[in-house]
Amino acid sequence: MYCLFRNAQKLFAEITHRIRNSPTRISVATLFHRNSKHDVSIDSYAEKDFVIVSWTSKLSKLVRQGQPEEAIFLFKTMLLVMSNQRPNYVTIMSLIKALDALNWDVLIMMVHGLVVKMGFESEPSVLTALIWSYSVYGMGTCWSLFHQIPNKDVVLWSAMVAACVKNGDYVEALELFRRMQFFGLKANHVSIVSILPACANLGTLRLGREIHGFIIRRTFYHVTSVQNSLVDMYAKCRSLETAIHVFDGMFKRDMVSWRTMIRGYIENECGIKAVNLFSKMQRLSFFAPDEFVVRNMIMAVLQSGESKIGPAFHCYVLKSGFLDFVSIATSLLQMYAKFGMVGSARNVFDHIGNKDDIAWNAMISAYTQSRLPFNAVDTFTQMLCMNMKPNAFSLVSLLQMCSLMASQDASHKLGESIHSFIAKIGYSRNVYLSSALIDFYCKSGRVKEGKALFNEVHTKDLICWSSLINGYGLNGYGIEALETFSNMLDCGIKPNDIIFLSVLSACSHCGLEYEGWNWFYSMKEKYGITLKLAHYACMVDLLSRQGKIEQALDFVKKMPMEPDKRIWGALLAGCRLTSGPIEIVEFVIEQLATLDPQNSTNYYMMLSDLYAEEGRGEDAERLRRLVDENA
């Protein structure tokens, strides 16, 4: 998106160059060199032209200085003062840029009418500016404007390509780029910067490489904006090494260069490399990080998994003054929450001056993630007292948190209160909230209420179906769960790996072994869904609950991937439930202690208790002593 806005600026720079070469432009110098017998009229025209240029210059300056409202006021003043003269199209273009900065779509249409009234509708420069303005609101008017110009130049084509990319019409952008070449127009660096995001977002690495080759053959390979776009394209197409190669070979890097490369590392899940690059930028670059880089860095720290880096970066944010940005403070809050440091998250939250609804919602989510339901409810109440409106995600978090409350009565009351609140503020048709409500009622054992709510949902998505299937399974209604799944398939909805987790879990909880194996094998064979560890864990749980411990262990050993804690945990739970062979229990506990050394004491104490139940008191005592010695 940054590249698009920078590209817009370059387009307007190209437009300015084009105006100087336009045959319709009235030049003061040309007028003064005409025949002397027309000196009086020449002077009059020259003076008028000078006045218009003066007003336009002031207007453009205000736009450049980030004062669009003042620019618009100046234009109104100009019309009043110079009622006998009309502005030229350079003035109109400056006005359009001012309106762009304010996103005033109604005024854009009014200026469009002014353009037609003044006869500028065939002027490519003005229409190029209008196309960019209208592209914020869709492509319909843009295409109409584009088609009405018979002689399109490269700037207009590039603007249209950029507009398509901004609206996500990447295929159309590529087609426009090809047509531009077909009509014999030579692409410039602005065209390239316009089209590369289309390659990036479509993941068409081959086409991106072809454009890279085209760039090398032309003279603008070392243009910084072009190289930035190449880095972005390669990173998004998962060719990170090539992105790094382009970045390292850049003769001159700007702030966007560093930002793009940092973002590229994050997009390729190389958080620690992004952190290292940020440190390098601090040492070698003259550019101070902006708000966007700092937010990306918080994401990189979180992605790195290094919780110790978090507080250190927090100090940097504090010293650099970025903590005054609510968006950055909120990102820090979310980082601490995901690291499980809810106290630090609250500390950041308390120091946010003007909390917006996103900050409040983030704090509520932080408490629910940390399984602190009463803190979440308290924060939610404070939020309402501040006249802040909770978003759907916060309400989903609160509903999920209800199941964590120790008191079932308190859980029911809170869930019902949230349900009433959702209806009151007009969120009843929100499918995510409907799914969360279905999940809440089913987890509370109130399956009938969950089913009734499900029936009220007009457009059911996968999450909605999954909530009811999972709810049936949790409450022992295995047949109903499978019938619901069949109904979903009959509605033409394609299942994904998540909904199959709900189906397999329902089969496991309800002892439907045959059906479980049937759906397990159909995942890949019939629906082309890759089996994940969670699906294998469901099958291990299914076998273990049936007392088929040896068969479950054999299944685990034949898995195509290494089992994790979930797999061994499911097998251990089955052993304890059905009194499985103690030799298998010993083997499973050794695996768990290796994978989860922090909880190894708990696992060995569990084994000691099983020894005692088996009448092996000496083994139990020996194991307890061993645990105490290593504590």
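The structure displayed is predicted, hence computed values, not measured ones.

*Asks:* Requested: an account of the overall build of the chain, with residues and values cited.
*Replies:* Helix and strand counts for the chain come out as 36 helices and 0 strands. Counting only residues that meet the buried cut, the chain has 49% of its 631 residues in that class. In the chain, of all internal contacts separated by at least 6 residues, the share reaching a separation of at least 24 is 60%. With an accessible surface of roughly 32100 Å², the chain has 54% of that area assigned to carbon and sulfur atoms.

*Asks:* Explain the packing of aromatic side chains to me, using residue names and the numbers behind them.
*Replies:* Enumeration over the complete set of coordinates arrives at 26 aromatic pairs. Ring centres of Trp 143 and Phe 146 lie 6.1 Å apart, and the angle between their planes is 85 degrees; on these two criteria the pair is classed as edge-to-face. Here Phe 146 and Trp 143 lie together in helix H8 (residues 140-147), a separation of 3 residues that amounts to about one turn. Measuring from centroid to centroid gives 5.0 Å for Phe 440 and Tyr 441, while their planes differ by 55 degrees, and the two rings are tilted. Each member of the pair, Phe 440 as well as Tyr 441, carries the same accessibility label: buried. Three or more aromatic residues joined by ring pairs make a cluster, and in this case those are Trp 143, Phe 146, Trp 157, Phe 182 and Phe 183. Positioned above the aromatic ring of Phe 146 is the side chain of Lys 152, whose terminal nitrogen or guanidinium carbon lies 5.0 Å from the ring centre. The ring of Phe 349 is capped by Lys 355, whose NZ or CZ atom sits 5.0 Å from the centre of that ring.

*Asks:* Summarise the packing of helix H13 (residues 224-236) against helix H15 (residues 255-267); cite the residues concerned and give the values.
*Replies:* Running from N to C, H13 and H15 point in directions that differ by 5 degrees, and their axes come no closer than 9 Å. As the angle between them shows, H13 and H15 are arranged roughly parallel. Where H13 approaches H15, its residues Thr 224, Asn 228, Val 231, Asp 232, Ala 235 and Lys 236 are matched on the opposing element by Val 256, Ser 257, Thr 260, Met 261, Gly 264 and Glu 267. Each residue belonging to the contact of H13 with H15 can be placed in one class, and the counts come to 4 nonpolar, 5 polar and 3 charged.

*Asks:* Which residues make up the pattern of salt bridges, and what are the values?
*Replies:* Enumeration over the complete set of coordinates arrives at 15 salt bridges. Across the pair Asp 232 and Lys 236 runs a salt bridge, and its minimum N-O distance is 2.7 Å. Taken together, the residues Asp 232 and Lys 236, both in helix H13 and 4 residues apart, mark about one turn of the helix. Exposure remark for Asp 232: the relative accessible area of 14% places this residue in the buried category. The class of Lys 236 is partly exposed, set by a relative accessible area of 27%. Across the pair Arg 566 and Asp 564 runs a salt bridge whose closest N-O atoms are separated by 2.9 Å. Relative accessible area serves as the criterion here: at 45%, Arg 566 is assigned to the partly exposed category. Via salt bridges that share partners, Asp 232, Lys 236, Arg 263 and Glu 267 belong to a single interconnected network.

*Asks:* Talk me through the environment of Leu 230; I want residue IDs and the actual numbers.
*Replies:* Within the fold, Leu 230 resides in helix H13. For the pair Leu 230 and Gly 208, spaced 22 residues apart in sequence, the C-alpha separation works out to 8.1 Å. Not counting residues within four places of it along the chain, the set of residues in contact with Leu 230 comprises Leu 196, His 212, Ile 215, Tyr 221 and Val 246.

*Asks:* Got a sec to walk through helix H19 (residues 326-338)? Specific residues and values, please.
*Replies:* In a regular helix each residue adds 1.5 Å, so 13 residues correspond to 18 Å; H19 covers 18 Å between its end C-alpha atoms and thus fits that length. All of the buried residues along H19 are Ile 328, Ala 329, Thr 330, Ser 331, Leu 332, Leu 333, Met 335, Tyr 336 and Ala 337. Contact partners of the buried residues in H19: helix H17 (291-304), helix H18 (309-320), helix H20 (342-350) and helix H21 (357-369). One or two residues past the end of H19 sits Gly 340, with phi positive at roughly 80 degrees.

*Asks:* Mind laying out the side chain of Asn 228, listing which residues take part and the relevant values?
*Replies:* Turning to its location among the elements, Asn 228 is positioned in helix H13. Separated by 2.6 Å, the side chains of Asn 228 and Ser 257 make a polar contact.

*Asks:* So, the packing of helix H28 (residues 478-490) against helix H29 (residues 497-510): which residues are in play, and what are the values?
*Replies:* For the pair H28 and H29, the least separation of the axes is 9 Å and the interaxial angle reads 155 degrees. Taken together, H28 and H29 sit at an angle that is classed as roughly antiparallel. Here H28 and H29 pass one another in a crossing that is left-handed. For the pair formed by H28 and H29, the contact residues are Gly 478, Ala 481, Leu 482, Phe 485 and Met 488 on the first element and Ile 499, Phe 500, Val 503, Ala 506, Cys 507 and Cys 510 on the second. The residue inventory of the contact of H28 with H29, partitioned by class, reads 10 nonpolar, 1 polar and no charged.

*Asks:* So what about helix H31 (residues 533-545)? Which residues, and what values?
*Replies:* Over its 13 residues, H31 runs 18 Å from end to end, which matches the ideal 18 Å to within 8%, given 1.5 Å per residue. With 12 of 13 residues buried, H31 lies mostly within the body of the structure. Residues Leu 533, Ala 534, His 535, Tyr 536, Ala 537, Cys 538, Met 539, Val 540, Asp 541, Leu 542, Leu 543 and Ser 544 constitute the buried set of H31. Where H31 is buried, its residues touch H29, helix H30 (513-525), helix H32 (549-557) and helix H33 (565-578). Immediately downstream of H31, the backbone of Gly 547 shows phi near 80 degrees, a positive value.

*Asks:* Would you mind going over a nonpolar patch on the surface in detail, with residue names and values included?
*Replies:* Where nonpolar side chains cluster on the molecular surface, the patch consists of Val 106, Met 109 and Met 110 and spans about 320 Å² of accessible area. Checked against the element boundaries, Met 109 lands in helix H6 (residues 105-117). With a relative accessible area of 48%, Met 109 lands in the partly exposed category.

*Asks:* Residue-level account of the confidence of the model for the chain, with values.
*Replies:* In the predicted model, the chain carries a mean pLDDT of 83, and the fraction of residues at 70 or more is 90%. Low confidence marks residues 1-50, where pLDDT is under 50. Its contacts with residues over four positions away, or in another chain, come to 64 contacts.

*Asks:* I'd like a description of the side chain of Asp 497, backed by residues and values.
*Replies:* Here Asp 497 shows up in helix H29. Excluding residues that lie within four positions of it along the chain, Asp 497 makes contacts with Ile 529, Lys 532 and His 535.

*Asks:* Could you give me a rundown of the state of the cysteines, with the residues and numbers involved?
*Replies:* Under the definition given, this model contains 0 disulfides. Of the cysteine sulfurs around Cys 164, a residue in no disulfide, the closest is that of Cys 142, at 8.1 Å.

*Asks:* Could you give an account of unusual backbone geometry, naming the residues involved and the relevant values?
*Replies:* Despite not being glycine, Arg 238 shows a phi value in the positive range, around 65 degrees. Mapped onto the secondary structure, Arg 238 falls in the loop between H13 and helix H14 (240-248).

Conventions and cut-offs
- Residues numbered from 1 in each chain as written.
- Predicted model: local features only at pLDDT ≥ 70, side-chain atom pairs only at ≥ 80, totals over all residues.
- Heavy atoms only, no water.
- Helix = DSSP H or I, 4+ residues; strand = E, 2+ residues; numbered from the N terminus.
- Buried < 20%, exposed > 50% of the residue type's maximum accessible area, 1.4 Å probe, protein only.
- Contact = heavy atoms within 4.5 Å.
- Areas by Shrake-Rupley, 256 points an atom, 1.4 Å probe, with all protein chains shown as cover.
- Phe/Tyr/Trp six-rings, centres within 6.5 Å; stacked < 30°, edge-to-face > 60°.
- Lys NZ or Arg CZ within 6 Å of the ring centre and 35° of its normal.
- Axes fitted to C-alpha atoms, helices over the stretch in contact; angles between N-to-C directions.
- Parallel < 35°, antiparallel > 145°, perpendicular 65-115°, else oblique.
- Nonpolar A, V, L, I, M, F, W, Y, C, P; charged D, E, K, R; others polar.
- Salt bridge = Lys/Arg side-chain N within 4 Å of Asp/Glu carboxyl O.
- Expected span 1.5 Å × (residues − 1).
- Polar contact = N/O pair within 3.5 Å; in protein donor to acceptor, adjacent residues only side chain to side chain.
- Left-handed = near helix turned anticlockwise from the far one by under 90°.
- Patch = residues over 30% accessible without salt bridge, like charges linked within 9 Å, V, L, I, M, F, W, Y side chains within 5 Å.
- pLDDT = per-residue confidence, 0-100.
- Disulfide = S-S within 2.5 Å.

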